[in-house]
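Letter by letter, the chains look like this.
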Amino acid sequence: EAMLSAAKSRRDATSNQILGELAENLSGLEAARRTEVLASTSLLPQSELTFKAALAGYETGRVDFATLLDAQRQIRQARQSQIKAQAEAQMRLADIERILGEDL
């Protein structure tokens, strides 16, 4: 009986650990997707508008070149955030598939 009880306890502990990992990866996947949407719908368009405004200002002589470069850097950072979020989502999805043992 003691061995059976110990085996059940180990099974329950393993089950809880797997469920915990699954929940962690699901929340990480959702966070990565929200980050990607934020970068795609807000950060990137805003950065592109800032760059266009800086370019127009540079062409008219009201903005210096450093400001134009900074605006372009903001676009690159927004794209980088978008790509990082996509990669994070793919890694979380791969972990979920590993836990479940099947492709989603």
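Residues numbered from 1 in each chain as written. Predicted model: local features only at pLDDT ≥ 70, side-chain atom pairs only at ≥ 80, totals over all residues. Heavy atoms only, no water.

Caption draft 1: View of the packing of helix α1 (residues 2-60) against helix α2 (residues 65-100). The interhelical angle for the contact between α1 and α2, taken along N-to-C directions, is 160°, at an axis separation of 7 Å. In terms of axis orientation, α1 runs roughly antiparallel to α2. Seen along the crossing, α1 lies across α2 with a hand that is left-handed. Of the residues belonging to the contact of α1 with α2, the class tally is 23 nonpolar, twelve polar and ten charged. (Axes fitted to C-alpha atoms, helices over the stretch in contact; angles between N-to-C directions. Helix = DSSP H or I, 4+ residues; strand = E, 2+ residues; numbered from the N terminus. Parallel < 35°, antiparallel > 145°, perpendicular 65-115°, else oblique. Left-handed = near helix turned anticlockwise from the far one by under 90°. Nonpolar A, V, L, I, M, F, W, Y, C, P; charged D, E, K, R; others polar.)

Caption draft 2: Looking closely at the packing of aromatic side chains. Following the criterion strictly, the structure yields one aromatic pair and no others. Arranged with centres 5.6 Å apart and planes meeting at 55°, the rings of Y58 and F65 form a pair that is tilted. Residue class for Y58 comes out partly exposed when judged on its relative accessible area of 37%. (Phe/Tyr/Trp six-rings, centres within 6.5 Å; stacked < 30°, edge-to-face > 60°. Buried < 20%, exposed > 50% of the residue type's maximum accessible area, 1.4 Å probe, protein only.)

Caption draft 3: Looking closely at the pattern of salt bridges. What the rule picks out here adds up to six salt bridges. For R98, the salt bridge goes to E21, with nearest N and O atoms at 3.8 Å. Of this pair, R98 sits in helix α2 while E21 is found in helix α1, placing the two residues 77 residues apart along the sequence. Residue R98 is classed as exposed on the basis of its relative accessible area of 53%. Given a relative accessible area of 27%, E21 falls into the partly exposed group. Close ionic contact of D70 with R73 constitutes a salt bridge, the shortest N to O distance being 2.2 Å. One end of the pair is D70 and the other is R73, both in helix α2 and three residues apart, which spans about a single turn. (Salt bridge = Lys/Arg side-chain N within 4 Å of Asp/Glu carboxyl O.)

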